[in-house]
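Structure at a glance
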Amino acid sequence: KLILAVILKLLTDCSRWKNSRYHVVTEREILWLAGFLEGEGCFGTWVLSAKPKIYRSPRLVVTSTDKDVLDKASILLGGTSRTKRVLPSGKTAYQVAVGGAKAIGWMMTLYQFMGERRKSKIREVITKWVEHPMGKGQLVKVWANAIRKI
C-alpha cells in the first residue's frame, strides 16, 4: 500500500501531470487497468542493440481488437497506441506500449493487484532493470527491493 500511495502522490503532485495533456489516474482506474492487463497485458524486457552495447529496456504492452478499450488504456498508461496487424479473422489488433522508467512505475503500481504469474514476471523485469549497469537512482532501487520482498 505504501508503494501505491507514493506513486499516486507522485503522479498527482508532479506539475507535468497537472498539464491538460495528461490524465490524473484514479484508484478505480488503476484497478480497471490491473484487471485488463492481467488478461491482455505483457510485462517484459526488450533488447535494444546500439553496437557495441546492448541495452535492456522494461516494457509493458497490451494488445486488443477493441480500439475503445485500448484508447482508454493508452490514456491511463500515457503510452502510444498503434495498429499492430489485421488478424486472420479480419479484425484489426491494436497495441499500446510504455517502456523504461514509466513501465517500471506502472509495474510497481499494479504489482499488488496482479496474479502470481504476472507478479513473478514483474519481479524478474524489475530485478533485471535495477541490476542493469546504467543505474536508475537510489529511491527506485529501494522501491524495487521492497517489491522483491513482497
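Residues numbered from 1 in each chain as written. Predicted model: local features only at pLDDT ≥ 70, side-chain atom pairs only at ≥ 80, totals over all residues. Heavy atoms only, no water.

Looking now at the pairing of strand β4 (residues 92-99). Where strand β3 (residues 80-86) lies against β4, six bridges are found, and the strand directions are antiparallel. Residue pairing for β4: Thr 80 is matched across the bridge by Ala 97. (Pairing = 2+ DSSP bridges. Helix = DSSP H or I, 4+ residues; strand = E, 2+ residues; numbered from the N terminus.)

The next thing to look at is the nonpolar core. Counting 29 residues, the largest nonpolar core has Leu 37, Leu 60, Trp 106, Met 107 and Leu 110 as its most contacted members. Sorting the residues of this core by element identifies α3 (27-40), β2 (53-64), α4 (67-77), β4, α5 (100-110) and α6 (116-131) as the ones contributing at least two each. It is α5 that contributes the most residues to this core, six residues altogether. Contacts of Leu 60, omitting those with residues within four sequence positions, involve Leu 37, Cys 42, Phe 43, Leu 77, Val 96, Ala 97, Val 98, Ala 103, Trp 106, Met 107 and Leu 110. (Core = buried A, V, L, I, M, F, W, Y, C linked by side-chain atoms within 4.5 Å. Buried < 20%, exposed > 50% of the residue type's maximum accessible area, 1.4 Å probe, protein only. Contact = heavy atoms within 4.5 Å.)

Packing of α3 against α5 brings their axes to within 10 Å, and their N-to-C directions diverge by 100°. Here α5 runs roughly perpendicular to α3, going by the angle between their axes. Listed contacts from α5 to Ile 30, Leu 33, Ala 34 and Leu 37 of α3 are Trp 106, Thr 109 and Leu 110. When grouped by side-chain class, the residues that make up the contact of α3 with α5 number six nonpolar, one polar and no charged. (Axes fitted to C-alpha atoms, helices over the stretch in contact; angles between N-to-C directions. Parallel < 35°, antiparallel > 145°, perpendicular 65-115°, else oblique. Nonpolar A, V, L, I, M, F, W, Y, C, P; charged D, E, K, R; others polar.)

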